[in-house]
Amino acid sequence: MIKLYYCPKTRATRPRWMLEELGIKYELAYVNLRQGEHKKPEFLGVNPMGGIPALQDDSIQMFESAAIVMYLADKYGLGKFAPEIQSNERAGFYQWMFFSMTSLDGPIVQFFYHTQFYPEEKRILANANEGKANFQKTAQVLTQHLETREFMLGNSFSAVDIMVGSNLVFAKGLGLLENYSVLQRYLEKVVSRPAYKKATAD
């Protein structure tokens, strides 16, 4: 049985979304971050970084949301959510998966920290502006890519759309998508999927 260590409204939504897309059975192990359960020794044995998500699949134990999503897509997706390793399309799969966690995720988090997350005395306006400016550069690249595509890898939904889509949900909540109609239309499409709705029901 697959066990996903999970807390709502965190990056753990990504592998849960992937699991719902796959339609396979899994167990949710809720981790209460406010009570510090992610810092207890028993959880650190699963994820030594003390973060969410983490996954157990029989003898396999792993963390990092993108890695988990890729693993699940490859092992259980039957080629539906990730291109075959030998295919030319696999290069784009790797590119956009890493893009989602570096070029896209980083600026959004930086903007969030310095506008909402940190106490006001620790917020730095220059850092918030830098995060927003870097997001805008990334958003322009995404816009150009999605103008001629339904999804990130073409006309079929893939694991990449889970990663990019979850980042854009975060960005929209921070007001960063207001001037990006292409990205708004794309986001509406991916979050309308039943698997996303199930993964975010709580």
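Once a new chain begins, its residue numbering starts again from 1 and follows that chain's sequence as written. Totals for whole chains, interfaces and linings use all residues, but because this is a predicted model, local features are given only for residues with pLDDT of at least 70 and pairs of side-chain atoms are given and counted only at 80 or more. Remark: hydrogens and water are excluded; side-chain values derive from all non-hydrogen atoms of the structure.

Some points on the side chain of R14
Alright, step 1. Each helix is a run of H or I in the DSSP string that is no shorter than four residues. Each strand is a run of E no shorter than two, and both are numbered from the N terminus. By the secondary structure assignment, R14 is in helix α1 (residues 13-22).
Alright, step 2. Each residue's exposure class comes from its accessible area (1.4 Å probe, protein chains only) as a fraction of the maximum for that residue type: buried when under 20%, exposed when over 50%, partly exposed otherwise. Residue R14 is classed as buried on the basis of its relative accessible area, which comes to 4%.
Alright, step 3. For this analysis, a polar contact is any N or O atom pair within 3.5 Å, provided that within protein one partner can donate a hydrogen and the other can accept it, and provided that sequence-adjacent residues contribute only side-chain to side-chain pairs. There is a polar contact of 3.0 Å between the side chain of R14 and the side chain of S65.
Alright, step 4. Not counting residues within four places of it along the chain, the set of residues in contact with R14 comprises S65, V69, M101, D105, I162, M163, S166 and N167. Any pair of residues with heavy atoms lying within 4.5 Å of one another is described as a contacting pair.

Looking at the packing of helix α3 (residues 65-76) against helix α4 (residues 89-117)
Alright, step 1. Across the interface, α3 lies against α4 with an axial gap of 10 Å and an inter-helix angle of 150 degrees. By the angle between their axes, α3 is roughly antiparallel relative to α4. Crossing of α3 against α4: the hand is right-handed. On α4, the residues that touch S65, A66, V69, M70 and D74 of α3 are R90, F93, Y94, M97 and M101.
Alright, step 2. Polar here means any residue outside two lists: the nonpolar Ala, Val, Leu, Ile, Met, Phe, Trp, Tyr, Cys and Pro, and the charged Asp, Glu, Lys and Arg; Gly therefore counts as polar. Along the lines of polarity and charge, the residues of the contact of α3 with α4 split into seven nonpolar, one polar and two charged. Angular values range over 0 to 180 degrees, each being the angle between N-to-C directions of two axes fitted as lines to C-alpha atoms, with helices fitted over their stretch in contact. Each angle gets one of four labels, with under 35 degrees taken as roughly parallel, over 145 as roughly antiparallel, 65 to 115 as roughly perpendicular, and the rest as oblique. For any helix crossing, the convention is left-handed if the near helix is rotated counterclockwise from the far helix by under a right angle, and right-handed if that rotation is clockwise.

Quick notes on the pairing of strand β1 (residues 2-6)
Alright, step 1. Extensive coverage of β1 is indicated by the burial of four of its five residues.
Alright, step 2. Throughout, right-handed denotes a crossover for which the path from the first strand over the helix to the second runs clockwise when the strands point away from the viewer. Handedness of the β-α-β unit built from β1, α1 and strand β2 (residues 26-30) comes out right-handed.
Alright, step 3. Of the strand pairs in this sheet, β1 and strand β3 (residues 54-57) are connected by four bridges, and their pairing is antiparallel. In the sheet register, L4 faces β3, and the bridge partner there is L55. In this analysis, strands are considered paired if DSSP registers two or more bridges between them.

Re a nonpolar patch on the surface
Alright, step 1. Residues enter a patch when their relative accessible area is above 30% and they make no salt bridge; the linking distance is 9 Å between like charges and 5 Å between nonpolar side chains (Val, Leu, Ile, Met, Phe, Trp, Tyr). Only the protein chains shown count as cover for residues, with accessible areas throughout obtained via the Shrake-Rupley method and a probe of 1.4 Å. A carboxyl oxygen of Asp or Glu within 4 Å of a side-chain nitrogen of Lys or Arg is what we treat as a salt bridge. Among the surface-exposed residues, I85, Y94 and F98 lie close enough to one another that they form a single nonpolar patch of about 330 Å² accessible area.
Alright, step 2. The residue Y94 is located in helix α4 in this model.

So, the layout of surface pockets
Alright, step 1. Two kinds of site are reported from a 1 Å grid over the protein atoms alone, namely cavities, where a 1.4 Å probe fits but cannot get out, and pockets, open sets with protein on both sides within 12 Å along at least five of seven lines, and residues are called lining when an atom falls within 4 Å of a point. Grid points are joined across faces, edges and corners, and a volume is the space filled by probe spheres set on the points. Each pocket or cavity is described by its volume, and for the largest pocket that value is around 920 Å³.
Alright, step 2. As for the largest pocket, its lining consists of 24 residues, and the residues nearest its centre are P8, K9, T10, R11 and F170.
Alright, step 3. Those elements that provide at least two residues to the lining of the largest pocket are α1, α4 and α6 (159-173).
Alright, step 4. Grouping the amino acids of the lining of the largest pocket by side-chain chemistry returns 12 nonpolar, seven polar and five charged.
Alright, step 5. Looking at the second largest pocket, its volume works out to about 200 Å³.
Alright, step 6. Lining the second largest pocket are 16 residues, with P83, E89, L153, S156 and S158 positioned closest to its centre.

Some points on the pairing of β2
Alright, step 1. Pairing of β1 with β2, which is carried by five bridges, proceeds in the parallel orientation. Directly across from L4, in β2, lies its bridge partner L28.

Some points on the pattern of salt bridges
Alright, step 1. Enumeration according to the criterion identifies six salt bridges in this entry.
Alright, step 2. For D105, the salt bridge identified is with R14, shortest N-O distance 3.1 Å. Residue D105 is located in helix α4, and its partner R14 is located in helix α1; the two are separated by 91 residues in the primary sequence.
Alright, step 3. Between R16 and D202 there is a salt bridge, with its nearest N and O atoms 3.2 Å apart. Of this pair, R16 sits in helix α1 while D202 sits in the segment after α8 (194-199); the two residues are 186 residues apart in sequence, bridging distant segments of the chain.
Alright, step 4. By relative accessible area, R16 is classed as buried at 10%.
Alright, step 5. Linked by salt bridges that have partners in common, R11, R14 and D105 make up one network.

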